[in-house]
Amino acid sequence: MVIVMKIGANQDQVGAIKRKAERLGCDVQITQGKDCCILGLVGDTSTISISQLEAEECVDKVVRVQAPYKRANRLFHPNDSIIKVDGRTIGGKELAIIAGPCAVESEEQLIHIAKDVKKAGANFLRGGAYKPRTSPYSFQGMEEEGLKILLEAKKITGLPIVTEVMSVELVEKISSYADVLQIGARNMQNFDLLKEVGRSNKTILLKRGMSATIEEFLMSAEYIMSEGNQNVVLCERGIRTFETFTRNTLDLSAIPVLKKLSHLPVIVDPSHATGKWWLVEPLAKAAIAVGADGLEVEVHYDPVNALSDGPQSLKPEKFEAMMNSIKVIAETQNRTI
Ligand code: PEP
Ligand code: MN
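Residues numbered from 1 in each chain as written. Chains lettered and ligands numbered in written order. Predicted model: local features only at pLDDT ≥ 70, side-chain atom pairs only at ≥ 80, totals over all residues. Heavy atoms only, no water.

The subject of this paragraph is the nonpolar core. Counting 68 residues, the largest nonpolar core has Leu206, Leu234, Leu295, Phe319 and Met322 as the members making the most contacts within it. Sequence-distant contacts of Leu234, that is, excluding residues within four places in its chain, are made with Leu206, Phe217, Leu218, Ala221, Leu258, Ser262, Leu264, Pro265, Val266 and Ile267. Counting 16 residues, the second-largest nonpolar core is a separate cluster that includes Ile3, Met5, Ile48 and Val62. (Core = buried A, V, L, I, M, F, W, Y, C linked by side-chain atoms within 4.5 Å. Buried < 20%, exposed > 50% of the residue type's maximum accessible area, 1.4 Å probe, protein only. Contact = heavy atoms within 4.5 Å.)

Okay, here's the thing in structure tokens:
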């Protein structure tokens, strides 16, 4: 961090700012120019507030030279994080393929789809029991009944369960059924929820907020990690742009950017990114080609009658075809599926 003093700041003022930075745990290097003085701070500046320093009358501006996230930062953790979940890995050589319906609708529906996605090569089962719907009149999910069905599907297929948690109060209950807790795009900056899942021992699948910058996304991961839970998987799921043809715009560049800035695994959800089933396979291929560690894909055998997100759901045979086509791309990235 660099503090630029105002022109004409006197030695007493420079000394006071230096002592303030030292009290915050930094080593301070002073560079005095003809008119201007700058202070270089070395150490953990992640807890230092820029606006508080800039409120000092003698300070012109404060510039961060390093990212404000620490635990999520690749700088302090050069190797890729490989997260173990119930005998599977996310972030290792094998791609993590999370597939299943948007929402659990019935035992028959989920078990049918779970068997199909497993047969096609998925290694995790997704299904929402508590759904974040834009309209309060839309299907809100089967709640605890849905969690019981997810567990039943796990018993039958052996696939670990990924399901969304929308509120602090539900973290404990959902943790007693699920292997991976999903934080949805709409909750990416629900800081109380991030802190609560940060205290849990489950792997957290953190989806990017629809208008979140990459730095905001990584700061949300930092919230979880700062509470002790280092098992965070990032998921790019499309962002809002001026384009309305697709539901969102898949930010493909976010994948290599996130992999460069962070050691955390990065997966892609081409279903919510596009809103259209026929765009899922091409973007899934693109995601693997640019280095994604896996995919989250919605699958339903009867999309027309699905209670949520039917238009973006792949039928099981289309999902199987997608799996076959991404196998080829995975090989080019030295990944297996
Ligand atoms: C979902 O995965 O079902 C979902 C609601 O995704 P997102 O939070 O990315 O919209
Ligand atoms: Mn959905």
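What surrounds ligand 1 is a group of 13 residues, the closest being Arg126, Lys131, Gln182, Ala185 and Arg237. Residue Lys207 places a side-chain N or O atom 2.9 Å away from an oxygen atom belonging to ligand 1. At 2.6 Å from an oxygen atom of ligand 1 is found a side-chain nitrogen or oxygen belonging to Arg237. Residue composition of the shell around ligand 1, by class: three nonpolar, three polar and seven charged. (Near = heavy atom within 4 Å. Polar contact = N/O pair within 3.5 Å; in protein donor to acceptor, adjacent residues only side chain to side chain. Nonpolar A, V, L, I, M, F, W, Y, C, P; charged D, E, K, R; others polar.)

Time to look at the pattern of salt bridges. Under the criterion given, the structure shown has 18 salt bridges. Linking Glu56 and Lys20 is a salt bridge whose minimum nitrogen-to-oxygen distance equals 2.7 Å. Here Lys20 lies in helix H1 (residues 11–23) and Glu56 lies in the loop between helix H2 (50–54) and strand E4 (59–63), a separation of 36 residues in the sequence. Since its relative accessible area comes to 25%, Glu56 is described here as partly exposed. Lys20 sits in the partly exposed class, given a relative accessible area of 22%. Linking Glu227 and Arg199 is a salt bridge whose minimum nitrogen-to-oxygen distance equals 3.2 Å. You can see Glu227 sitting in the loop between helix H7 (214–226) and strand E12 (232–236) and its partner Arg199 sitting in the loop between helix H6 (191–198) and strand E11 (203–207), a full 28 residues away along the chain. Relative accessible area serves as the criterion here: at 51%, Arg199 is assigned to the exposed category. Each of Arg126, Lys207, Asp269, Glu296 and Glu298 takes part in one network of salt bridges that share partners. (Salt bridge = Lys/Arg side-chain N within 4 Å of Asp/Glu carboxyl O. Helix = DSSP H or I, 4+ residues; strand = E, 2+ residues; numbered from the N terminus.)

The next point concerns a nonpolar patch on the surface. There is a patch of nonpolar side chains on the surface, built from Phe245, Trp277 and Trp278 and spanning about 360 Å² of accessible area. Note that Phe245 resides in the loop between E12 and helix H8 (254–261). (Patch = residues over 30% accessible without salt bridge, like charges linked within 9 Å, V, L, I, M, F, W, Y side chains within 5 Å. Areas by Shrake-Rupley, 256 points an atom, 1.4 Å probe, with all protein chains shown as cover.)

This brings us to the pairing of E11. With five of five residues buried, E11 lies mostly within the body of the structure. Residues Thr203, Leu205 and Lys207 of E11 are buried on one face, and the alternating residues Ile204 and Leu206, pointing to the opposite face, are buried as well. As paired elements, strand E10 (residues 180–183) and E11 share four bridges and run parallel to each other. From the neighbouring strand, Gln182 faces E11, where its bridge partner is Leu205. This β-α-β element, E10 to H6 to E11, shows right-handed connectivity. Bridge count between E11 and E12: four bridges; the pairing is parallel. (Pairing = 2+ DSSP bridges. Right-handed = clockwise from strand over helix to strand, strands pointing away.)

We now examine the sheet that holds strand E7 (residues 96–100). Spatially, the eight strands close up into a barrel ordered E7-E8-E9-E10-E11-E12-E13-E14, and their pairing is parallel. The average angle at which neighbouring strand axes cross in this sheet is 25 degrees, direction not considered. Sheet topology note: the E7/strand E8 (residues 124–126) ladder contains two bridges and is parallel. Paired with Ala99 across the two strands is Leu125, which belongs to E8. Across the face of the sheet, helix H4 (residues 144–157) comes into contact with E8 and strand E9 (161–164) while running at roughly 165 degrees to E9. Its contacts with the sheet put H7 on E11 and E12, and the angle it makes with E12 is roughly 160 degrees. (Axes fitted to C-alpha atoms, helices over the stretch in contact; angles between N-to-C directions.)

For the chain, the assigned domains read domain 1 (2–63) and domain 2 (83–332). Computed over C-alpha atoms, the centres of domain 1 and domain 2 are 44 Å apart. (Domains from an automatic or database assignment.)

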